[in-house]
Amino acid sequence: EVFTALADLEELLQTESSLIYTLENYIRAEEEKLDYLKRYAHIYKSQYEKAAEDVQVYVANPINAYTLVKRLTADWKEVENLITMDLSPDYMENITYIKENMKFPTDEDLNGAAVALTRLQDTYRLETSSLARGELNGIKYSSELSAADCFELGRQSYNNEDYYHTQLWMREADSRLNREANETVGRSDILEYLAFSTYKQGNIRLALDLTNKLLEILPTHTRALGNKVYYEDELQKIVEEKRKGDDGSEAIQNDEIKPNDGVHGREFYEQMCRGEITLSDAKLSKLKCRYLNKNHPFLLIAPFKVEEAHHKPDIFIFHDVLADSEIATIRRMAQPRFRRATVQNTDTGELEIAQYRISKSAWLKEEEHKHIADVSQRVSDITGLTMATAEELQVVNYGIGGHYEPHFDFARKDELNAFKSLGTGNRIATVLFYMTDVEQGGATVFPSISVTLWPKKGAAAFWHNLHPSGDGDKMTRHAACPVLTGSKWVSNKWIHERGQEFLRPCTLDRPNEDFVA
Ligand SMILES: O=C(O)CCC(=O)C(=O)O
Ligand SMILES: [Fe+2]
């Protein structure tokens, strides 16, 4: 699939350019063919008109007699040849070649891109109408969506049984249609989806009104007729039950049931992504910004500018740790190897793709390029930890709405097989490199401690995932918020326990676990 990484989407533009070229050539060929036919039609017509002035005189002329016969034999064969000449196979062959040899999105991509858009809509509280105007947070980025574009978003949501977004986008399609001179979609189609999703959202009365509207346009629409009867029956039942005094069965008259509501911490997480939650002033005032020097507990070679983002658990931001040339190398090497990022199924231990982690990633080895080795050495210098047991560098690119929902980087006790094959213990620490600035969205957030990190090209975040005892630090639960605009590239260097024994002596102190992760 291509929608999961922005890098792949860029290639789609090359595909589009080839398709445009083929399409224009095809149109030109068809136009040439039509021009020939028009010329024939013109000759036929002018000769016929001349003959019609006086039919007897015309046919009495031997030359006319000859040309008439010729026109209807040899010439007409040409016309028939032209009419039946099918130009499409050649061009279809070209199109098939492009589809097979260039990057081409699938129906799943369309669905993924639509879901991503609705995710952004929820997370960043974007108005459907302003999105349709091509605006993101009040900034106009792209051209407007047509009624048909909105309709397709609604249809994709419908296919995912997401009736909340179906309603939002079908309503938008309907209001856009009112303003379209050349209608891009049929109102009856919109009304049918809108009525059914409204019913699914619990508003039977409105669903009935919409169905009646649809029947005004298409009085014999079979499904609408059936639904009308059904909705009327349902409403009747409600009236009767009310009369019986049983008001407990009142239908939900709420057409704005938002998905995900009630899921633990979802709202808070989204608030963090929007940048609405910040550390308290008291906590902020304790954090420092300074240069790492020889007195710092971290082993040190270069004086990196370090910022404390949180204290207990400690989260540090190192600025300007990656050079632009290193970032370029990492991106260039990773791009051709990108695969959809996977997550470990906690029950089976198998790696699988998931809606909650949408990005593309690749792994780079130190021995593949000096820059990769340099980066690894730098991580060791900054953190004072050994890289001997660290994982390879994981490079990640997020596409439209790409994200990674709240998670821990360490393996929990109940997780089957996690890191077992590595034989290096758990992920003691994470270094997260930011390889791009992100225009809007795409923060790394730690909901349990109200920390939001905004991507800054060349910077790296560092934290320990484990307490000195080896237990996971639940406060380090974090997420990559959906990217709203821009391209987000990051790299992860996960450092493991094995080999750190003398570098970070463990203690048996148990952490204070009196909070909910
Ligand atoms: O991209 C980010 O901001 C965080 C990524 C992350 O948490 C991960 O890959 O484990
Ligand atoms: Fe993570």
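Please refer to the structure higher up on the page.
Each value, and the rule that gives it
- Residues numbered from 1 in each chain as written.
- Chains lettered and ligands numbered in written order.
- Predicted model: local features only at pLDDT ≥ 70, side-chain atom pairs only at ≥ 80, totals over all residues.
- Heavy atoms only, no water.
- Near = heavy atom within 4 Å.
- Polar contact = N/O pair within 3.5 Å; in protein donor to acceptor, adjacent residues only side chain to side chain.
- Helix = DSSP H or I, 4+ residues; strand = E, 2+ residues; numbered from the N terminus.
- Nonpolar A, V, L, I, M, F, W, Y, C, P; charged D, E, K, R; others polar.
- Buried < 20%, exposed > 50% of the residue type's maximum accessible area, 1.4 Å probe, protein only.
- Arc of directions from axis to C-beta.
- Contact = heavy atoms within 4.5 Å.
- Disulfide = S-S within 2.5 Å.
- Pairing = 2+ DSSP bridges.

Enquirer: Kindly report on the site of ligand 1, identifying the contributing residues and their values.
Expert: Taken together, 13 residues lie around ligand 1, and Tyr398, Thr444, His478, Lys488 and Asn492 are the ones closest in. The separation between an oxygen atom of ligand 1 and a polar side-chain atom of histidine 478 is 3.0 Å. In this structure, an oxygen atom belonging to ligand 1 sits 2.7 Å away from a side-chain N or O atom of lysine 488. Secondary structure elements with two or more residues in the shell around ligand 1: β12 (403-407), β18 (478-480) and β20 (488-496). Here the shell around ligand 1 takes four residues from β20, the largest share from any one element. Across the shell around ligand 1, the residue classes tally to six nonpolar, four polar and three charged.

Enquirer: Let's hear about helix α12 (residues 266-273): which residues, and what values?
Expert: An α-helix turns once every 3.6 residues. As a result, residues three or four positions apart point the same way. Residues of α12 that are buried: Arg266, Tyr269, Glu270, Met272 and Cys273. Buried residues along α12 cover an arc of 155 degrees about the axis, so they all sit on one side. Check the buried side of α12 and you find it contacts α5 (107-123), β12, β15 (444-446), β16 (451-453) and β18.

Enquirer: Break down the state of the cysteines for me, citing the residues and quoting the values.
Expert: Every disulfide links exactly two cysteines, by a covalent bond between their sulfur atoms. Counting across every chain of the model gives one disulfide. One disulfide bridge connects cysteine 273 with cysteine 481, the sulfur atoms lying 2.0 Å from each other. Here the disulfide of cysteine 273 and cysteine 481 is left-handed, its torsion about the S-S bond being about -80 degrees. Taken together, the residues span a long stretch of sequence, with cysteine 273 in helix α12 and cysteine 481 in the loop between β18 and β19 (483-485) at a distance of 208 residues. With respect to burial, cysteine 273 and cysteine 481 carry one shared label: buried.

Enquirer: Explain the sheet that holds β15 residue by residue, including any values.
Expert: Strand pairing in a sheet is mediated by backbone hydrogen bonds. Such pairs are either parallel or antiparallel. Spatially, the five strands line up as an open sheet ordered β9-β12-β18-β15-β16, and their pairing is antiparallel. Since the sheet does not close on itself, it has two edges, and those belong to β9 (357-358) and β16, each with one partner. As defined by bridge partners, β15 adjoins β18 across two bridges and the pair is classed as antiparallel. Each residue of the ladder has a partner; that of threonine 444, found in β18, is alanine 480.

Enquirer: Which residues make up the side chain of serine 359, and what values do they have?
Expert: Topologically, serine 359 is positioned in the loop between β9 and β10 (360-364). Excluding anything up to four places from it in sequence, serine 359 contacts Thr4, Arg339, Arg340, Ala341, Val396, Asn397 and Tyr398.

Enquirer: Explain the pairing of β10 to me, using residue names and the numbers behind them.
Expert: For β10, the tally of buried residues reaches four of five residues, placing the bulk of the element in the interior. Where strand β6 (residues 339-340) meets β10, two bridges bridge the pair, whose relative direction is antiparallel. The residue of β10 that forms the bridge with arginine 339 is serine 361. In this structure, β10 lies alongside strand β11 (residues 393-398), joined through five bridges in antiparallel fashion. Within the sheet, the bridge partner assigned to serine 361 lies in β11 and is valine 396.

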